[in-house]
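Observations on chain architecture
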Amino acid sequence: MDKNDRVMNMKLFSGLIVLLLIVSTAKAYAEFYEVPMMDAKWDVESGQSECLLKQTVPNYGVAVFSHRSGAALKFSLQERRVKADIIKANVIEATAPWIHNELASPNHAVYLDGAAHGRDFDRLSVYGNAAEDMLDALLRGNAPTFVYVRASTVLDMREIRVSVSPIKFLESYDDFVQCREKLLHSRSRVVY
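Residues numbered from 1 in each chain as written. Predicted model: local features only at pLDDT ≥ 70, side-chain atom pairs only at ≥ 80, totals over all residues. Heavy atoms only, no water.

A word on the confidence of the model for the chain. Taken residue by residue, the chain gives an average pLDDT of 80. The fraction at 70 or more is 73%. The secondary-structure element of the chain with the lowest mean pLDDT is helix α1 (residues 3–25), recorded at 60, while strand β3 (residues 50–57) shows the highest, at 96. Long-range and interchain partners of residues 20–28, a stretch whose pLDDT sits below 50, account for seven contacts in this model, where long-range means more than four residues apart. A low-confidence stretch, residues 188–192 stays under pLDDT 50, and its non-local contacts, those more than four residues away or across chains, total zero contacts. (pLDDT = per-residue confidence, 0-100. Helix = DSSP H or I, 4+ residues; strand = E, 2+ residues; numbered from the N terminus. Contact = heavy atoms within 4.5 Å.)

Listed below in C-alpha cells is the structure:
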C-alpha cells in the first residue's frame, strides 16, 4: 500500500468517524407517555349541552372524549405546556402494554385545534368516526395512542407517543353513554 492509498484510507476513516459522531449525537428517538396501571382512572363530567370523559396522562396533560349537543364525538389530547409546532400527527389503536402482539390499526388523521378560552393550549383532535373508533378500541381493551413529530431541528426529530389506558374505562363508560343519550333525546324534543 503506497502513501497515497494510506492518506485516502485515513480520510475515508476520519470522515466515517465524524459521520458516526454526528449521527450518535442526534436525538432520533421516541418519547413515550402513558398512564401507569395503578393510577388509571376516567372521569365523567355531564352538562346540559356537553358530556366529557377524561383521563389525565402524568407528566403530559389530558385526553378527553367530548360530545356536544348537535356535534360529532371529539377525542382530543392536550399537553400542559407550549412547545414547538407539530408537523405530523396521527392516532392509532395500540395494544395495551401488557399485550406484546402488534395490532394492525388504521392511522387516523389528526387536526390541531387552537387554544380555547384564551387560557388553554393547542389540542390534537380527531372527530366523528375516528373518535368513535378510539372509544371502541378502549372497549376492546386497547390503548388509543397519539403519535406525532414536532417542528424541531434536523438533529432533534423525536417521535412522541401518548397513550391512554383502557384500565377502569368500563367503570365510567356507562355514565358517559347515558350522558350522550340525554343529549340526543333533549335535542330531539326541541320545538320550533
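Moving on, we get to the pattern of salt bridges. Applying the stated criterion to the full structure yields six salt bridges. With a shortest N-O distance of 3.1 Å, K54 and E45 are connected by a salt bridge. The exposure class of E45 is partly exposed, given its relative accessible area of 39%. When the shortest N-O distance is used, the salt bridge between R161 and E159 registers 2.8 Å. What makes R161 partly exposed here is its relative accessible area of 27%. When its relative accessible area of 29% is taken as the criterion, E159 is described as partly exposed. (Salt bridge = Lys/Arg side-chain N within 4 Å of Asp/Glu carboxyl O. Buried < 20%, exposed > 50% of the residue type's maximum accessible area, 1.4 Å probe, protein only.)

A separate point is the state of the cysteines. Tallying each qualifying case throughout the model produces one disulfide. A sulfur-sulfur distance of 1.8 Å marks the disulfide that ties C51 to C179. Of note, the bridge from C51 to C179 carries an S-S torsion of about -90° and is left-handed in sense. Residue C51 is found in strand β3, and its partner C179 is found in helix α3 (residues 169–188); the two are separated by 128 residues along the sequence. C179 sits in the buried class, given a relative accessible area of 6%. (Disulfide = S-S within 2.5 Å.)

What follows is about the side chain of S76. Relative to the elements of secondary structure, S76 occurs in strand β5 (residues 74–79). Since its relative accessible area comes to 2%, S76 is described here as buried. A distance of 2.7 Å separates the side chain of S76 from the side chain of S125, its partner in a polar contact. If near-sequence neighbours (up to four positions away) are discounted, S76 is found in contact with V62, A63, V64, R123, L124, S125 and F146. (Polar contact = N/O pair within 3.5 Å; in protein donor to acceptor, adjacent residues only side chain to side chain.)

The next thing to look at is the packing of aromatic side chains. The final tally for this structure, using the stated rule, is six aromatic pairs. Their ring planes at 40° and their centres at 5.2 Å tell us that F75 and F146 sit as a pair that is tilted. Residue F75 is located in strand β5, and its partner F146 is located in strand β10 (residues 143–150); the two are separated by 71 residues in the primary sequence. As far as the burial class goes, F75 and F146 line up, both buried. (Phe/Tyr/Trp six-rings, centres within 6.5 Å; stacked < 30°, edge-to-face > 60°.)

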